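# Survey of secondary and tertiary structure
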Amino acid sequence: MPLHSVSVAGVVVREDGRILAIQRADNGTWEPPGGVLELDEHPEQGAAREVLEETGMRVEVERLTGVYKNMTRGVVALVFRCRPTGGTETTSTESMAVEWLTRDEVASRMGEVYAVRVLDALDAAGAPHVRAHDGRRLMNSA
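Residues numbered from 1 in each chain as written. Predicted model: local features only at pLDDT ≥ 70, side-chain atom pairs only at ≥ 80, totals over all residues. Heavy atoms only, no water.

## A short note on the packing of aromatic side chains
Inspection of every chain in the model, using the stated rule, returns zero aromatic pairs. Positioned over the ring face of Trp-30 is Arg-109, at 4.9 Å from the centre of the ring. (Phe/Tyr/Trp six-rings, centres within 6.5 Å; stacked < 30°, edge-to-face > 60°. Lys NZ or Arg CZ within 6 Å of the ring centre and 35° of its normal.)

Okay, here's the thing in structure tokens:
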């Protein structure tokens, strides 16, 4: 029986429209803050915990904006749009930089599979997006 891992991420959108992003300490890539969902936590709680741990920012989770599956690694990511409620931007052992990026900076700094998560969260359509990727590029539906 195949095993999947579930991760959660928070796309934190400030009042001025900037998006909270981290530069990962392990590989230098820019991503929305997130990580593995713990067995005993609800997805929304996990997203808020990961944002706090990686950025120092407290958030209110607003809604699920996307479900993304890495077909190569078997990781399913649940991405939530959040709004900041407090805290101070700070790096952690997992992040070497924490910045508020513009939409254009997201598109230029993040790889395709992470940028699309942020752009999907900014989409006002409401219904969550469901996408598959190979770790680098989006894949068409079967």
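## Comments concerning the pairing of strand β1 (residues 5–12)
Counting buried positions along β1 yields six of eight residues, so the element is predominantly enclosed. Bridge count between β1 and strand β6 (residues 75–87): eight bridges; the pairing is parallel. Each residue of the ladder has a partner; that of Val-6, found in β6, is Val-76. Looking at chain direction, β1 and strand β4 (residues 34–36) are connected through three bridges and run antiparallel. Note on β4: the bridge partner recorded for Ala-9 is Gly-34. (Buried < 20%, exposed > 50% of the residue type's maximum accessible area, 1.4 Å probe, protein only. Helix = DSSP H or I, 4+ residues; strand = E, 2+ residues; numbered from the N terminus. Pairing = 2+ DSSP bridges.)

## Notes on the pairing of strand β2 (residues 19–24)
The buried fraction of β2 amounts to five of the six residues, a majority that puts the element mostly inside the structure. In the sheet, β2 pairs with strand β7 (residues 95–101) via six bridges, with the strands oriented antiparallel. What sits directly across from Leu-20, in β7, is Trp-100. Here β2 pairs with strand β3 (residues 30–31) via two bridges, running antiparallel. Among the inter-strand pairings, Ile-22 is bridged to a residue of β3, identified as Glu-31. Between the antiparallel neighbours β2 and β3 lie five residues, among them Gly-28 with a positive phi of about 75°.

## What to know about the environment of Ser-92
Mapped onto the elements, Ser-92 comes out in the loop between β6 and β7. On the accessibility criterion, Ser-92 (21% relative accessible area) is partly exposed. One polar contact links the side chain of Ser-92 to the main-chain amide nitrogen of Glu-94, over a distance of 3.0 Å. (Polar contact = N/O pair within 3.5 Å; in protein donor to acceptor, adjacent residues only side chain to side chain.)

## A short note on the side chain of His-133
Looking at the element boundaries, His-133 is found in strand β8 (residues 129–133). Classification of His-133 by relative accessible area gives buried; the value is 4%.

## Some words on the sheet that holds β3
Judged by pairing direction, the sheet is antiparallel, and its three strands sit side by side in the order β3-β2-β7 without closing on themselves. Lying at the two open borders of the sheet, with one neighbouring strand each, are β3 and β7. The strands touched by helix α1 (residues 43–55) are β2 and β7; relative to β2, the strand with the most contacts, the crossing angle is about 60°. (Contact = heavy atoms within 4.5 Å. Axes fitted to C-alpha atoms, helices over the stretch in contact; angles between N-to-C directions.)

## Some points on the sheet that holds β6
Two modes of strand pairing occur in sheets, parallel and antiparallel, and in both the strands are linked by backbone hydrogen bonds. Strand order across the open sheet formed by six strands is β4-β1-β6-β5-β8-β9, with mixed pairing between neighbours. Both outer strands of the open sheet, β4 and β9 (138–139), are each paired with one neighbouring strand and no more. Bridge count between β8 and β9: two bridges; the pairing is antiparallel. In the sheet register, His-133 faces β9, and the bridge partner there is Leu-138. Here helix α3 (residues 112–122) sits on the sheet and contacts β1, β5 (57–70), β6, β8 and β9; the angle it forms with β5, its principal contact strand, is near 125°.

## With respect to α1
Taking 1.5 Å per residue, 13 residues should reach 18 Å; α1 reaches 18 Å between its end C-alpha atoms and fits that length. Gly-46, Ala-47, Arg-49, Glu-50, Val-51, Glu-54 and Thr-55 are the residues of α1 that are buried. Tucked inside the fold, the buried residues of α1 contact β1, β2, β4, β5, β6 and β7. Gly-56 sits one or two residues past α1 and shows a positive phi near 80°. (Expected span 1.5 Å × (residues − 1).)

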